[in-house]
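# Commentary on secondary and tertiary structure
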Amino acid sequence: MQELDHQKTIDILNAIMEFELAGVVRYTHYSLMVTGPNRIPIVAFFKAQAAESLLHAQQVGEILTGLEGHPTLRIAPMEETFKHNVKDILQESLSHERKALDMYKSLLEVVSNASIYLEEFTRGMIGQEEMHNLELKKMLRDFS
């Protein structure tokens, strides 16, 4: 096995933590903005996404402190588009999930063959993000 680049790992984990915390805000906002006849299940979906983003941020923070890093107090920048129809919100969500997937893939490149735990954790997160991407794509199909 190779040596784990602690600083690079910590930097990527902090960026992921900022992004996941932004997801909490983003998905909470979306849950408040949904209107229409399908509001109830879509709101439940976004509330679940917000809760999951918080869980991910907490998991990443635990790893950060385990590596003697300092978890960030920042959140990633978010742009308010003021587009609140369901299709636009789902498309923004898909874009967010694609970015999350890319971030976890970047982490995997750094931890592969350097830490079995971090590699397995990261692969699990990639799997979850891939599933989110698939779900959002399916949700967007009827809007095409």
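Residues numbered from 1 in each chain as written. Predicted model: local features only at pLDDT ≥ 70, side-chain atom pairs only at ≥ 80, totals over all residues. Heavy atoms only, no water.

## Some thoughts on the overall build of the protein chain
Scanning the protein chain from N- to C-terminus turns up 4 helices and 0 strands. The C-alpha atoms of the protein chain give 16 Å as radius of gyration, which agrees with the globular expectation for 144 residues (15 Å, within 12%). With the principal axes as the frame, the protein chain shows a C-alpha extent of 55 × 30 × 20 Å. Residues counted as buried form 45% of the 144 residues belonging to the protein chain. Across the protein chain, the fraction of contacts at a sequence separation of at least 24, relative to all contacts at a separation of at least 6, is 81%. In the structure as shown, the protein chain presents an accessible area of about 8,200 Å², 55% of it carried by carbon and sulfur atoms. (Helix = DSSP H or I, 4+ residues; strand = E, 2+ residues; numbered from the N terminus. Rg over C-alpha atoms; globule rule 2.2 N^0.38 Å. Buried < 20%, exposed > 50% of the residue type's maximum accessible area, 1.4 Å probe, protein only. Contact = heavy atoms within 4.5 Å. Areas by Shrake-Rupley, 256 points an atom, 1.4 Å probe, with all protein chains shown as cover.)

## Concerning the nonpolar core
By size, the foremost hydrophobic cluster in this structure holds 28 residues, and its most contacted members are L13, I16, V60 and L67. Where this core is concerned, the elements lending two or more residues are helix 1 (6-33), helix 2 (39-66), helix 3 (86-111) and helix 4 (116-140). Among all residues touching V60, those that are not within four sequence positions of it are L13, I16, M17, Y104 and F121. (Core = buried A, V, L, I, M, F, W, Y, C linked by side-chain atoms within 4.5 Å.)

## Details of the packing of aromatic side chains
The tally for this structure, following the rule as stated, stands at 5 aromatic pairs. Three or more aromatic residues joined by ring pairs form one cluster here, namely Y27, Y30, F45 and F46. (Phe/Tyr/Trp six-rings, centres within 6.5 Å; stacked < 30°, edge-to-face > 60°.)

## Here's the deal with unusual backbone geometry
Its identity is not glycine, yet E68 carries a phi of approximately 65 degrees, on the positive side. Its relative accessible area of 75% is what places E68 among the exposed residues. The backbone of F82 shows a phi angle near 60 degrees, a positive value even though the residue is not glycine.

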